[in-house]
Amino acid sequence: MRVVFDKYTDDAGKLLKMMRRTEPDTGAVALEDDGFLPNTIFSLYEYFVYGQNCEALKERDLHYSFLKVPEFWEIRTCGAHGAVYDMGCKKANIYYNKLQNVQHVEWLMEDGWIYRIDYYNKYALRYASEFLDTDGKTESKVFYSHRNQEVIVEQPQSGAITLLNEGKIKALFTSREELIEYFFTEAFFTETGSEESRVLFVQDQEGLRLSQRQWGGRCVWESVWFSNSALMNQYIDMGGKNGRRIYFIPEEYPVNDAKGEALILTCSDQLQGIEYLIHELPEVMFHIGANTQVSEKLLKLGQCPNVRIYPQIGREQLSALWSHCDFYFDINHYGEIHNAIDTAHQNNLLILGFENTIHCRELVVEECIFSQSDEKKLAGEMKKLVNQPEAVGERLVKQQKKKREIWERQSGTVLQKEKGI
């Protein structure tokens, strides 16, 4: 099997790890390349730029202080990044990663206009350059071979792309989609064989457009996978028949201590039975996070001793709460935010909610779903759970099993039972 990513992200990495736990030989292709893809990920650009010899290249560090610059120019550190100077005049900004290896360099004119951006990769090579106009728009982007020859020239404003070989034009394309089609026709159909199954993991609108294309009269995708319900629904509305909703399963679940710490994420102040639950469960600390400013109603709830409100909750703050809490109350009306249920599941929070508020029922244990007007029963069950960690553990076993069964049904492969249950 081979999985194709429109771009390599954290979610793409999680999915690939899951697939390789069941099929170690699963291949992976990324259609975008930032120069630092894991070695097990093959990219469209590596295929054309380095050919079949990319494995012969060795990864090397390129510390910013060793960047090649004209004689007598100097490199200085400027806080979180570096800069190049000539006679006190700044010529470039250098951006590097945590190991201070160069990722890209912005070259400047005297008036501060960024006219070119050079991109470096894990082989310490300049693999691409982006040329900008005075308005900051990209006029062209060039990808280079390891011998510094131009291989791909993209012109975003017109959509035209030129593929070169040893300085001669090999092919011309009017859009990136045509380049991708050429890549699949040449790399997949002629080299890997037509029998290999291929799945596409869609993460944004570009990936959604890609899911609709057929190349050479062939159906490219055996199935199209989504971790986002909204995108999958769009796919279905566009006539897609082979879309699948994928949930992530960690190799090892975090320990759930059954502390009375509960998380709620919401985009409104419509939380089913929240006042009753706060009053009846003084032993539970309710952490309510919103992706917007909050209403007076929620601010008033925040005055209760067992409530904490987080307006416009940030990534780091939310990450800390996922680690801190052991329960997730899926009691907010309207849309789900931050992929809350799947993320709660990955972090091993026990999920509870009402019939009319549960967003992903297939992931929630039936004993943790309560009728619309039964706040009293939910509160009573919660009182038992915070005093009986073994009961929480039993529910978590069932909760984890539900996701595992979904994966096995969707992918046709079996995961070993997870650790940490």
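Everything discussed here concerns the structure shown above.
Residues numbered from 1 in each chain as written. Predicted model: local features only at pLDDT ≥ 70, side-chain atom pairs only at ≥ 80, totals over all residues. Heavy atoms only, no water.

Draft legend 1. Looking closely at the overall build of the protein. Helix and strand content of the protein: eleven helices and 22 strands. Based on the C-alpha atoms only, the size of the protein along its principal axes is roughly 75 × 60 × 35 Å. Classification of the 421 residues of the protein by burial places 50% in the buried group. In the protein, the proportion of contacts linking residues at least 24 apart, taken out of those at least 6 apart, comes to 51%. Within the structure as shown, the protein displays about 20900 Å² of accessible surface, and the carbon and sulfur contribution to it stands at 47%. Averaging the coordinates of the 48 positive side-chain charges in the protein and doing the same for the 63 negative ones gives two points 3 Å apart. (Helix = DSSP H or I, 4+ residues; strand = E, 2+ residues; numbered from the N terminus. Buried < 20%, exposed > 50% of the residue type's maximum accessible area, 1.4 Å probe, protein only. Contact = heavy atoms within 4.5 Å. Areas by Shrake-Rupley, 256 points an atom, 1.4 Å probe, with all protein chains shown as cover. Lys, Arg positive; Asp, Glu negative; His and termini not counted. Charge placed at Lys NZ, Arg CZ, Asp CG, Glu CD.)

Draft legend 2. Region of the structure containing the state of the cysteines. All told, the structure shown has zero disulfides when counted by the stated rule. Looking at the unpaired Cys-360, the closest cysteine sulfur is the one in Cys-267, lying at 14 Å. For Cys-360, a relative accessible area of 4% gives the class buried. (Disulfide = S-S within 2.5 Å.)

Draft legend 3. Representation of the sheet that holds strand S8 (residues 114-120) within the structure. What the ten strands build is an open sheet, ordered S4-S5-S6-S7-S8-S9-S10-S11-S12-S13; its pairing is antiparallel. The open sheet terminates on both sides in strands that have one partner only, identified here as strand S4 (74-78) and strand S13 (168-173). Pairwise comparison of adjacent strand axes, ignoring direction, gives a mean angle of 20° for this sheet. (Pairing = 2+ DSSP bridges. Axes fitted to C-alpha atoms, helices over the stretch in contact; angles between N-to-C directions.)

Draft legend 4. Broad picture of the nonpolar core. Ranked by size, the top nonpolar core spans 56 residues in total, and within it Leu-263, Ile-274, Phe-286, Phe-327, Tyr-328 and Phe-329 carry the most contacts. Phe-286 has contacts with Ala-262, Ile-264, Ile-274, Leu-277, Ile-278, Leu-281, Asn-306, Val-307, Arg-308 and Phe-329, leaving out every residue within four places of it along the chain. With 39 residues, the next largest nonpolar core counts Tyr-50, Ile-180, Val-202 and Val-224 among its residues. (Core = buried A, V, L, I, M, F, W, Y, C linked by side-chain atoms within 4.5 Å.)

Draft legend 5. Region of the structure containing the side chain of Arg-395. Tracing the chain through its elements places Arg-395 in helix H11 (residues 389-411). Apart from the residues lying within four places of it in its own chain, the contact partners of Arg-395 are Leu-350, Val-365, Glu-367, Cys-368, Glu-381 and Leu-385.

Draft legend 6. Structural context of helix H8 (residues 315-324). Taken together, the buried positions of H8 are occupied by Leu-318, Leu-321 and Trp-322. Projected down its long axis, H8 shows its buried positions confined to an angular sector of 105°, all on one face. Opposite the buried face of H8, at more than 90 degrees from it, the exposed residues are Glu-316 and Ser-323. (Arc of directions from axis to C-beta.)

Draft legend 7. Structural context of the environment of Leu-132. Secondary-structure assignment places Leu-132 in strand S9 (residues 126-132). For Leu-132, a relative accessible area of 12% puts it in the buried group. Taking the C-alpha atoms as reference points, Leu-132 and Tyr-115, 17 residues apart in sequence, are found 5.0 Å from one another.

Draft legend 8. Expanded view of the pairing of S9. Counting buried residues in S9 gives five out of seven residues, a clear majority hidden from the surface. Across five bridges, the pairing between S8 and S9 is antiparallel. Pairing of Arg-116 across the sheet is with Phe-131, part of S9. Hairpin connection of S8 to S9: five residues between the antiparallel strands, including Ala-124 at a positive phi of 60°. In textbook terms, the turn of a hairpin is the stretch between consecutive antiparallel strands, and for S9 and strand S10 (residues 138-144) this stretch comprises five residues, one of which, Gly-136, has a positive phi near 85°.

Draft legend 9. Region of interest: helix H1 (residues 10-22). Helix length check: H1 (13 residues) gives 19 Å between terminal C-alpha atoms against 18 Å at 1.5 Å per residue, within 8%. For H1, the set of buried residues is Ala-12, Gly-13, Leu-15, Leu-16, Met-18, Met-19 and Thr-22. Buried residues in H1 make contact with strand S1 (2-5), strand S2 (27-30), strand S14 (198-202), strand S15 (223-226) and H11. (Expected span 1.5 Å × (residues − 1).)

Draft legend 10. Seen up close, the pairing of strand S5 (residues 81-86). Of the pairings in the sheet, the one linking S4 to S5 comprises five bridges and is antiparallel in character. Opposite Arg-76, over in S5, you have Ala-83 as the bridge partner. Counting the residues that bridge the hairpin from S4 to S5 gives two residues, and of these Gly-79 lies at a positive phi of roughly 70°. Relative to strand S6 (residues 89-96), S5 runs antiparallel, the two sharing five bridges. Looking at the pairing, Ala-83 lines up with Asn-93 of S6.

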